[in-house]
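# Residue-level structure breakdown
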Amino acid sequence: MVATAIVALSIYLIYGFAGALETYLGSHMKIRASPDTIVHILKLISLAALAYLVVRAFRVLIFGLVFRLRSGYEAPTLVRNIFSIVAFTALFFIIFSQLFPAVNLGALFTTSAIFGVILGLALQDTLGNFFSGISLHADRPFQVGDVITVGQQKHTGVVESISWRAIKIRTFQNHVVLVSNSSAAKEAIEVCPRNNLNARLVYFSALYTDSPAKTIHVVREAVREAENVSQKITPIVRIRNLGESGVEYEVKYWLEDYARYNDTDALVRQRIWYAFRRAKLTFCFPTRTIELERKLRKPPGEPDSSALIERLSAVDIFAPLTVEETTTLAQAAVRHVFAQGEMVIRAGDAGSSMFVLHNGRVRVQVTENGIPRTVAVLNEGDFFGEMALFTGEPRTAHVVALEETEVLEIGHEAMKKLFDTNPDLVESLSHIIAERRQALAQRAEARTGPTDESEGLIAAIKRFFRLS
Ligand code: CMP
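This report concerns the structure included in the present document. Remember, predicted model here, so these are calculated numbers, not experimental data. Starting afresh in each chain, residues are numbered from 1 along the sequence in its written order. Local features in this predicted model are restricted to residues whose pLDDT is 70 or higher, and side-chain atom pairs enter the listing and the counts only when it is 80 or higher, whereas totals over whole chains, interfaces and linings include all residues. With hydrogens and water excluded, all non-hydrogen atoms of the structure serve as input to the side-chain values.

### A closer look at the site of the ligand
We apply this condition: Nearness is defined per residue: one heavy atom within 4 Å of the molecule or strand is enough. Throughout this description, a polar contact denotes any pair of N or O atoms lying within 3.5 Å of each other; where both atoms belong to protein, one of them has to be capable of donating a hydrogen while the other can accept it, and for residues adjacent in sequence the pair is counted only when both atoms sit in side chains. What sets the accessible areas is the Shrake-Rupley method with a 1.4 Å probe; for residues, cover comes only from the shown protein chains. What counts as a helix is a DSSP run of H or I of at least four residues, what counts as a strand is a run of E of at least two, and both are numbered from the N terminus. Charged means Asp, Glu, Lys or Arg here, nonpolar means Ala, Val, Leu, Ile, Met, Phe, Trp, Tyr, Cys or Pro, and polar covers whatever is left, Gly included.
Close to the ligand lie 16 residues; G385, E386, A388, R395 and T396 are nearest. Interatomic distance of 3.5 Å between a backbone N/O atom of M387 and an oxygen atom of the ligand. One of the side-chain nitrogen or oxygen atoms of R436 is found 3.1 Å away from an oxygen atom of the ligand. In isolation the ligand has 460 Å² of accessible area, and contact with the protein removes 96% of it. At the level of elements, strand 13 (371-378), helix 14 (386-391) and helix 16 (423-443) are the ones that each hand at least two residues to the shell around the ligand. Considering only residue class, the shell around the ligand consists of 11 nonpolar, two polar and three charged.

Structure below.
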């Protein structure tokens, strides 16, 4: 507004006092140009400034309001800039030809070879960028928000803007990289569109002694549920090489949001590590594992058997067991580690073992009307998975690790031995199962009395374990 007022005022003054100004310049100035030409130049400058402001106002009006209202999205900066340049040049030509009818501006431009060469050389890069920018906008090989790899240094990042001069990308280190349009137009650009299922490859190696079928199955199951891994396509795990130290595999998975591929790659590797640990698979590495060392020393992080015995004897239902029985149970227990968010038990699966929580926490979760609901949170020393083990029915709920969690798995055989020598164990277990069942039944709004339930359960457990 202020600029417009100033320009309008100067036009008014120049036009209003043109005669006086000419007379003044004629009597006081000792320059070769005629006073009339100087006044015309002043008029040209002020009218050009006015033309510039008018073009800007039209640009706001057309692209800010009309274009956005009609097409629902903002016009690209490049289109707006082209409009400004073309409109201003046209207005400037009109004003110039009105003020200086004797000068043929078009002929001046077209016939002046020197001017053309100078202008061409000076604007070589700028024009290159400009026209490459136009072709980028016309082709639309990528859009704002896509991840691209571009430039000689292979910069990868999310596209933030495409201007008449350069493509601006934000790298995954949060740096801003500007790649000029002309250099981008000359090079291959790798585009990972935002609304496309883009894939990633993650590599790992296993020992030759580990079965490939088992390794592939274990890794595929571990990766498919990781966050940001698309559920639409199952990840592919395959052998890429029979390497020097082991079998080399690759995992191909598809991402929901490609811009977060670094985090997702890391999560996939983490899931592979935990899955390997549980399935007793071994990563290969050039430094050979010496068997002798493994026998003499327990592997780092492995609890010694006294810790397991201590843990099991602290579990309520195992309290009545003798030291020998608890020791036998600890020897039969198999230790597993789960990452945060991993499923220890899946509802509906068949189950032939129960678990004691050694370290960490788990959530018992059921699905009500398609929405996951937490029924209970279990802590160190609690146990779970007993319902399917003792009744032979499918697992009643999901059990999911809330943090890195270590569990001790106790199988059917080990429990049967205990039942033979501890008949009371059946009863105490049946009470707990009955309570948990009732809690589940209450959620499903079916009311069942706990006493009858537990009596029925004792019979069911005895039947299932073939106890007299
Ligand atoms: P299971 O049915 O074998 O597998 C899921 C386990 O979740 C189940 O055994 C129980 O151990 C546990 N569970 C089910 N309901 C409850 C509950 N209400 N409170 C605590 N644990 C439960």
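### A short note on the pattern of salt bridges
For clarity, the threshold we go by: Between Lys or Arg on one side and Asp or Glu on the other, a salt bridge is scored when a side-chain nitrogen of the former is within 4 Å of a carboxyl oxygen of the latter. For every residue, the accessible area obtained with a 1.4 Å probe (protein chains only) is divided by the maximum for its type, and the residue is called buried under 20%, exposed over 50%, and partly exposed between those limits.
What the rule picks out here adds up to 17 salt bridges. Among the ionic pairs, E386 bridges to R436, the shortest N-O distance being 3.1 Å. Taken together, the positions of E386 in helix 14 and R436 in helix 16 put the pair 50 residues apart, joining distant regions of the chain. R436 sits in the partly exposed class, given a relative accessible area of 26%. Ionic pairing is found between E393 and R437, a salt bridge with its closest N-O pair at 2.7 Å. Residue E393 is found in the loop between helix 14 and strand 15 (398-401), and its partner R437 is found in helix 16; the two are separated by 44 residues along the sequence.

### Some points on the sheet that holds strand 9 (residues 334-338)
The line we're drawing: In short, DSSP must find at least two bridges between two strands for them to pair. Note on contacts: a residue pair is in contact if any heavy atoms of the two residues lie within 4.5 Å. A fitted line through C-alpha atoms represents every axis, and for helices the fit uses only the stretch in contact; the resulting angles, taken between N-to-C directions, go from 0 to 180 degrees.
Taking strand neighbours across the sheet as the criterion, the four strands line up as 9-16-11-14 in an open arrangement whose pairing is antiparallel. Only two strands of the sheet have a single partner each, and these edge strands are strand 9 and strand 14 (383-384). Across five bridges, strand 9 lies against strand 16 (residues 405-411) in antiparallel orientation. The partner of F338 across the bridge, within strand 16, is T405. Sheet strands in contact with helix 12 (residues 305-313) are strand 11 (353-359) and strand 16, and its direction is about 110° off that of strand 11. Across the face of the sheet, helix 15 (residues 412-421) comes into contact with strand 11 and strand 16 while running at roughly 60° to strand 16.

### A look at the packing of aromatic side chains
Each pair of aromatic rings is reported with the distance of its centres and the angle of its planes. This is how it is decided: Only rings of Phe, Tyr and Trp enter the pairing, Trp through its six-membered ring, and a pair is recorded when the two centres are within 6.5 Å. The plane angle decides the type: under 30 degrees is stacked, over 60 is edge-to-face, the rest tilted. A positively charged side chain is recorded as over a ring if its NZ (Lys) or CZ (Arg) lies within 6 Å of the ring centre. The angle to the ring normal must also be within 35 degrees.
All told, the structure shown has 12 aromatic pairs when counted by the stated rule. Between the aromatic rings of F88 and F92, the centroid separation amounts to 6.2 Å while the plane-to-plane angle is 35°, which identifies the pairing as tilted. Note that F88 and F92 are positioned in helix 4 (residues 77-99) at a spacing of four residues, about one turn of the helix. Residue F88 is classed as partly exposed on the basis of its relative accessible area of 27%. Taking the relative accessible area as the measure of exposure, F92 reaches 26% and is therefore partly exposed. Grouped by ring-pair contacts, the aromatic residues Y52, F88, F92, F96 and F100 constitute a single cluster. Just above the ring of Y15 sits the side chain of K43; from NZ or CZ to the centre is 4.4 Å. Here the basic side chain of R436 rests over the ring of F383, its NZ or CZ set 5.1 Å away from the ring centre.

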